[in-house]
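Working through the structure, step by step
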Amino acid sequence: DVKVTQSSRYLVKRTGEKVFLECVQDMDHENMFWYRQDPGLGLRLIYFSYDVKMKEKGDIPEGYSVSREKKERFSLILESASTNQTSMYLCASSQGGGLRSPLHFGNGTRLTVT
Amino acid sequence: GENVEQHPSTLSVQEGDSAVIKCTYSDSASNYFPWYKQELGKRPQLIIDIRSNVGEKKDQRIAVTLNKTAKHFSLHITETQPEDSAVYFCAASSSTGNQFYFGTGTSLTVIP
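What counts, and at which threshold
Residues numbered from 1 in each chain as written. Chains lettered and ligands numbered in written order. Predicted model: local features only at pLDDT ≥ 70, side-chain atom pairs only at ≥ 80, totals over all residues. Heavy atoms only, no water. Helix = DSSP H or I, 4+ residues; strand = E, 2+ residues; numbered from the N terminus. Rg over C-alpha atoms; globule rule 2.2 N^0.38 Å. Phe/Tyr/Trp six-rings, centres within 6.5 Å; stacked < 30°, edge-to-face > 60°. Buried < 20%, exposed > 50% of the residue type's maximum accessible area, 1.4 Å probe, protein only. Pairing = 2+ DSSP bridges. Axes fitted to C-alpha atoms, helices over the stretch in contact; angles between N-to-C directions. Salt bridge = Lys/Arg side-chain N within 4 Å of Asp/Glu carboxyl O. Contact = heavy atoms within 4.5 Å.

Details of the overall build of chain A
- Regarding its fold elements, chain A presents 0 helices and 11 strands.
- Counting from the amino terminus, chain A carries its helices and strands in the arrangement β-β-β-β-β-β-β-β-β-β-β.
- The C-alpha radius of gyration of chain A comes to 13 Å, within 12% of the 13 Å expected for a compact globule of 114 residues.
- Taken along its principal axes, the extent of the C-alpha atoms in chain A is 40 × 25 × 25 Å.

Digging into the packing of aromatic side chains
- Using the criterion set out here, one finds 15 aromatic pairs over all chains in the structure.
- Their ring planes at 90 degrees and their centres at 5.5 Å tell us that F105(A) and Y36(B) sit as a pair that is edge-to-face. Within this pair, whereas F105(A) is found in strand β10 (residues 104-105), its partner Y36(B) is found in strand β4 (residues 32-38), the two belonging to separate chains. Of the two residues examined, F105(A) and Y36(B), each falls in the buried class.
- Aromatic ring contacts, followed pair by pair, group F33(A), Y35(A), F48(A), F105(A), Y32(B), Y36(B), F89(B), F100(B) and F102(B) into a single cluster.

Brief notes about the sheet that holds strand β6 (residues 56-59) of chain B
Residue and element names in this part refer to chain B.
- Sheet architecture is open: 5 strands sit in the order β1-β3-β8-β7-β6, paired in antiparallel fashion. Edge positions in the open sheet fall to β1 (4-7) and β6, since each of these has one partner strand only. Pairwise comparison of adjacent strand axes, ignoring direction, gives a mean angle of 15 degrees for this sheet.
- With 4 bridges connecting them, β1 and strand β3 (residues 19-25) associate as antiparallel partners. The residue bridging H7 from the neighbouring strand is K22, located in β3.

A closer look at the pattern of salt bridges
Residue and element names in this part refer to chain A.
- The full count for this structure, using the stated rule, is 11 salt bridges over all chains.
- Note that K71 is salt-bridged to D28, the shortest N-O span being 3.0 Å. Remark: D28 occurs in the loop between β3 (19-25) and β4 (31-38) and K71 occurs in the loop between β7 (64-70) and β8 (73-78); sequence separation between them is 43 residues.
- Classification of K71 by relative accessible area gives partly exposed; the value is 26%.
- Judged by relative accessible area, D28 falls into the exposed class, the value being 52%.
- Here K53 and E69 are joined by a salt bridge, their closest N and O atoms 2.4 Å apart. One end of the pair, K53, is in the loop between β5 (42-49) and β6 (56-57); the other, E69, is in strand β7, with 16 residues separating them in the sequence. Taken as a pair, K53 and E69 share a single burial class, namely exposed.

Observations regarding the sheet that holds β3(A)
All names here are of chain A.
- Strand order in the open sheet made by the 4 strands is β1-β3-β8-β7, with antiparallel pairing throughout. Each edge of the open sheet is held by one strand with a lone partner, namely β1 (4-6) and β7. Looking at each pair of strands side by side, their axes are set apart by 20 degrees on average, direction ignored.
- Both β1 and β3 contribute to a ladder of 3 bridges, which runs antiparallel. Directly across from V4, in β3, lies its bridge partner Q25.

Focus: the environment of L75(B)
Residue and element names in this part refer to chain B.
- Relative to the assigned elements, L75 resides in strand β8 (residues 72-77).
- Take L75: its relative accessible area is 0%, and that puts it in the buried class.
- Along the sequence, L75 and P34 sit 41 residues apart, while their C-alpha atoms lie 10.0 Å from each other.
- Apart from the residues lying within four places of it in its own chain, the contact partners of L75 are A19, V20, I21, W35, I47, I48, I62, A63 and Y88.

Spelled out as structure tokens, the structure:
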């Protein structure tokens, strides 16, 4: 069974802090994703990566950056946290190679910026 | 890019009744459509998916139908049970299969 692990379940940070959200998957998946989940807005894609050191912007990349130095790890970085980045963050992975394969999600990180 | 719309946003049914959730998509090149169920406080989990070369797929009480011409797909849950209560998300993949676009979710409540 695919396991996607997010390092923190809950985080509380102050405005202006640099925040790192870590995600690790154990199924050798090529694709990894960061989504943000807000009530009434569904899941919105922040960034995704289809290979090591590769990244693509999603729908809402402003204020975020990502890092993928190893295949199994995909990090989301908030350079200077703001209150409007308070949200649930979901990491996901899927097989690549053009396969139509589903996403496997982590448990999420609920980030509060005060 | 792709735009996925999902209706209704909330749905309440009596236990044993059927529930139907509908989604439309805009990009005719999309060819893979998964459905996810998210229980309160848990991760979204795949419950069923359909590829564009298939019109319908069933898995016990759950079925998904796809109309490529009209660009819409639907989730059907029969004989609903209280444990079906959750938020359901539809999604459509990009033509490359590397990106997914989600609907805004349907909160289903099954009343015992």
